[in-house]
Amino acid sequence: LFPYTTLFRSPDGKRLANVSDQNFEQQIWLGETDGISPRYQLTKIPGMRIRHLRWSPDGTQILYETRSQRGRETYKIEAKPNAKPVRVLEGEGGASWSHDGKSIYYESRGQIWKAAADGSGGRSITEQRRGGSGPEESADGKYVYFRNWRTLWRVPSDGGKEEEFITPEHELVWSSLQPVKDGVYYLEWARAQRKYVLSFYDFDAKKSTALVMFRDLD
């Protein structure tokens, strides 16, 4: 849920990916959740800042974003030793997978876009909304949820008219949304209390509930 959380668990729960600078440069490392098997370095890309890791639904690939003097780019790489990264987006980021693994969603020029998993055929799926970011597909695949400044919006996954869907009580934090079958988890900043708030919007109740408050994301 958080953008800088150290560990990212694979869909089957058996592996963990993280960004580490233990070799003096940010790289992606993989390991098993058993705590016994040795970790190994997945990427070997010099001079890059790496963020926004996303496991593919089948757990075979990782989507990630890099930032350098050339700007930001999005790559995918097979989750196995000696794999080679493949650039799928140039100048774009904030990417996430569709649940079938055939498409990716990403942010570009203030709008939400959809492309094939290799980055080809990209097209905007939002009509007029600017400032869109952080797209995540709903659990049933019908919608894509995204941030737009202070509120959360949704748009049909194949494009169409976007609509404001959730108005948070506090300021939105620039972290990932987490749609599930019954609702959407998201993170807020309660300025008065100077605390982060993990909230959940319930589809049936049509309202949000603050689940937990805390001071630190680490």
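Look a little higher up for the structure.
Residues numbered from 1 in each chain as written. Predicted model: local features only at pLDDT ≥ 70, side-chain atom pairs only at ≥ 80, totals over all residues. Heavy atoms only, no water.

A closer look at the overall build of the protein chain
Counting its regular elements, the protein chain contains zero helices and 21 strands. Relative to the globule expectation of 17 Å for 218 residues, the C-alpha radius of gyration of the protein chain, 17 Å, shows essentially globular dimensions. Considering only C-alpha atoms, the protein chain reaches an extent of 45 × 40 × 35 Å along its principal axes. Evaluated residue by residue, the protein chain yields a buried proportion of 47% over its 218 residues. (Helix = DSSP H or I, 4+ residues; strand = E, 2+ residues; numbered from the N terminus. Rg over C-alpha atoms; globule rule 2.2 N^0.38 Å. Buried < 20%, exposed > 50% of the residue type's maximum accessible area, 1.4 Å probe, protein only.)

Comments concerning the sheet that holds strand 9 (residues 93-97)
The antiparallel open sheet is built from four strands, whose spatial order is 9-10-11-12. Lying at the two open borders of the sheet, with one neighbouring strand each, are strand 9 and strand 12 (123-124). Sheet topology places strand 10 (residues 103-108) next to strand 11 (residues 111-116); six bridges connect them, and they run antiparallel. From the neighbouring strand, S108 faces strand 11, where its bridge partner is Q111. (Pairing = 2+ DSSP bridges.)

Details of the pattern of salt bridges
Enumeration according to the criterion identifies twelve salt bridges in this entry. Across the salt bridge formed by R51 and E65, the nearest N and O atoms sit 3.6 Å from each other. Of this pair, R51 sits in strand 5 (residues 49-55) while E65 sits in strand 6 (residues 61-68), and the two are 14 residues apart along the sequence. Overall, E65 belongs to the buried group, its relative accessible area being 1%. For the salt bridge of K80 with E78, the shortest nitrogen-to-oxygen distance reads 3.5 Å. A residue is classified by how much of its surface remains accessible, and E78, at 39% relative accessible area, is partly exposed. (Salt bridge = Lys/Arg side-chain N within 4 Å of Asp/Glu carboxyl O.)

Function-wise, these values are silent; they only describe arrangement.
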